[in-house]
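Listed below are the residues making up each chain.
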Amino acid sequence: MTKYVRNGLKVKDTILHLFKEKFNKDFYEYVSFCLENKYDVIDETYCELHHILPKSKFPKFKKSEWNIVRLKYNDHVNAHLILAEIHPIKAFTRPLEFLTNINDEIREKLPLLQEIGINEWKNSERYKDDAEREKLSNSCKRSWENKPHEEKQKHIDERSIYNKSEIARKKNSEVVC
């Protein structure tokens with residue numbers, strides 16, 4: 001990994017600083033996991049490239065060598081899980097949706113992480129601002145209206161999977177009791 005320095009900080013410190021700056025949270029466990037599990041050996045082991053600073057939230061660094069690590073498949077899955085557990089926003093939980101058929105742990109944790117993310121949003125200053133909420137609501141409505149039928153059906157099916165999950169059953173039984 002190239003020694004990247006930004007404002008006098010080395011790679012790990014730089015990445016942690018960028019996360020803290022953007023989300024005001026500590027991503028130490030996630031960044032440490034990514035850097036400690038990078039797999040630099042070139043052999044037959046199946047690996048995937050992983051952007052430590054996610055491309056969707058840090059597009060400026062998507063091609064930076066210091067931001068990309070090669071991880072074994074299971075480590076890649078775990079990296080996404082750790083990231084989503086630290087900050088369960090849609091951008092960080094969405095990649096896990098593609099892994100729910102592969103990994104039982106993720107299938108059970110994903111609905112809970114999504115719920116935590118929603119609750120964090122509801123407690124945020126932006127949510128308390130009526131104009132912001134209205135703007136987001138209208139944006140979501142427009143987005144839904146513009147989706148093709150197949151995408152809408154996929155979303156409905158995913159919600160159906162959540163509603164049948166153990167977490168949803170527990171939540172619904174608590175409400176009824």
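Residues numbered from 1 in each chain as written. Predicted model: local features only at pLDDT ≥ 70, side-chain atom pairs only at ≥ 80, totals over all residues. Heavy atoms only, no water.

Our next topic: the overall build of the protein chain. Within the protein chain, the regular secondary structure consists of nine helices and two strands. Ordered by position from the N terminus, the helices and strands of the protein chain form the series α-α-β-β-α-α-α-α-α-α-α. Looking at the protein chain as a whole, 32% of its 177 residues are labelled buried. Of the accessible surface of the protein chain, which amounts to about 11,800 Å², a share of 52% is contributed by carbon and sulfur atoms. (Helix = DSSP H or I, 4+ residues; strand = E, 2+ residues; numbered from the N terminus. Buried < 20%, exposed > 50% of the residue type's maximum accessible area, 1.4 Å probe, protein only. Areas by Shrake-Rupley, 256 points an atom, 1.4 Å probe, with all protein chains shown as cover.)

Per the counting criterion, the structure on display carries five salt bridges. Residue E85 is joined to K109 by a salt bridge in which the shortest nitrogen-to-oxygen separation is 2.7 Å. In this pair, E85 sits in helix α3 (residues 73-86) while K109 sits in helix α5 (residues 104-122), placing the two residues 24 residues apart along the sequence. For K109, a relative accessible area of 29% corresponds to the partly exposed category. (Salt bridge = Lys/Arg side-chain N within 4 Å of Asp/Glu carboxyl O.)

Attention shifts here to the packing of α3 against helix α4 (residues 90-97). Packing of α3 against α4 leaves a shortest axis separation of 9 Å and a crossing angle of 145°. Every pair of crossing elements has a handedness; the one defined by α3 and α4 is left-handed. Residues V77, H80, L81, L83 and A84 of α3 form the contact with α4, whose participating residues are F92, T93, P95 and L96. Taken together, the residues of the contact of α3 with α4 sort by class into seven nonpolar, two polar and no charged. (Axes fitted to C-alpha atoms, helices over the stretch in contact; angles between N-to-C directions. Left-handed = near helix turned anticlockwise from the far one by under 90°. Contact = heavy atoms within 4.5 Å. Nonpolar A, V, L, I, M, F, W, Y, C, P; charged D, E, K, R; others polar.)

Its place among the elements puts N67 in the loop between β1 (47-51) and β2 (68-72). Sequence separation between N67 and V11 is 56 residues, and the spatial gap between their C-alpha atoms is 8.3 Å. Not counting chain neighbours up to four residues away, the residues in contact with N67 comprise H50, H51, I52, L53 and F61. In this structure the side chain of N67 is engaged in a polar contact, spanning 3.2 Å, whose partner is the backbone oxygen of F61. (Polar contact = N/O pair within 3.5 Å; in protein donor to acceptor, adjacent residues only side chain to side chain.)

With that settled, consider the nonpolar core. With 24 residues, the main nonpolar core has I15, F19, F27, Y30, V31, I52 and L53 as its most contacted residues. Among the secondary structure elements, those contributing two or more residues to this core are α1 (11-23), α2 (28-36), β2 and α3. The dominant element in this core, judged by the number of residues it contributes, is α1, at six residues. The contact partners of I52, leaving out residues within four places of it in the chain, are I15, F19, Y30, V31, C34, L35, W66, N67 and V69. Within the second largest apolar cluster, eight residues are counted, among which are V77, L81, L96 and L110. (Core = buried A, V, L, I, M, F, W, Y, C linked by side-chain atoms within 4.5 Å.)

Per the stated rule, a full pass over the model turns up nine aromatic pairs. An angle of 15° between the planes, with centres 4.1 Å apart, marks the rings of F19 and F27 as stacked. The exposure class assigned to F19 is buried, which follows from its relative accessible area of 0%. Under the relative-accessibility criterion, F27 is labelled buried at 1%. Here F19 and F58 contribute two aromatic rings whose centre-to-centre distance is 5.5 Å and whose plane-to-plane angle is 80°, an arrangement assigned as edge-to-face. Note that F19 is positioned in helix α1 and F58 in the loop between β1 and β2, a separation of 39 residues in sequence. Judged on exposure class, the residue F19 and its partner F58 are both buried. These aromatic residues form a ring-pair network of at least three members: F19, F23, F27, Y30, F58 and F92. (Phe/Tyr/Trp six-rings, centres within 6.5 Å; stacked < 30°, edge-to-face > 60°.)

Within the secondary structure, H51 sits in strand β1. Within the structure, H51 has its side chain in polar contact with the backbone oxygen of K62 (distance 2.9 Å). If near-sequence neighbours (up to four positions away) are discounted, H51 is found in contact with Y30, K62, N67 and I68.

These figures capture arrangement, not role.
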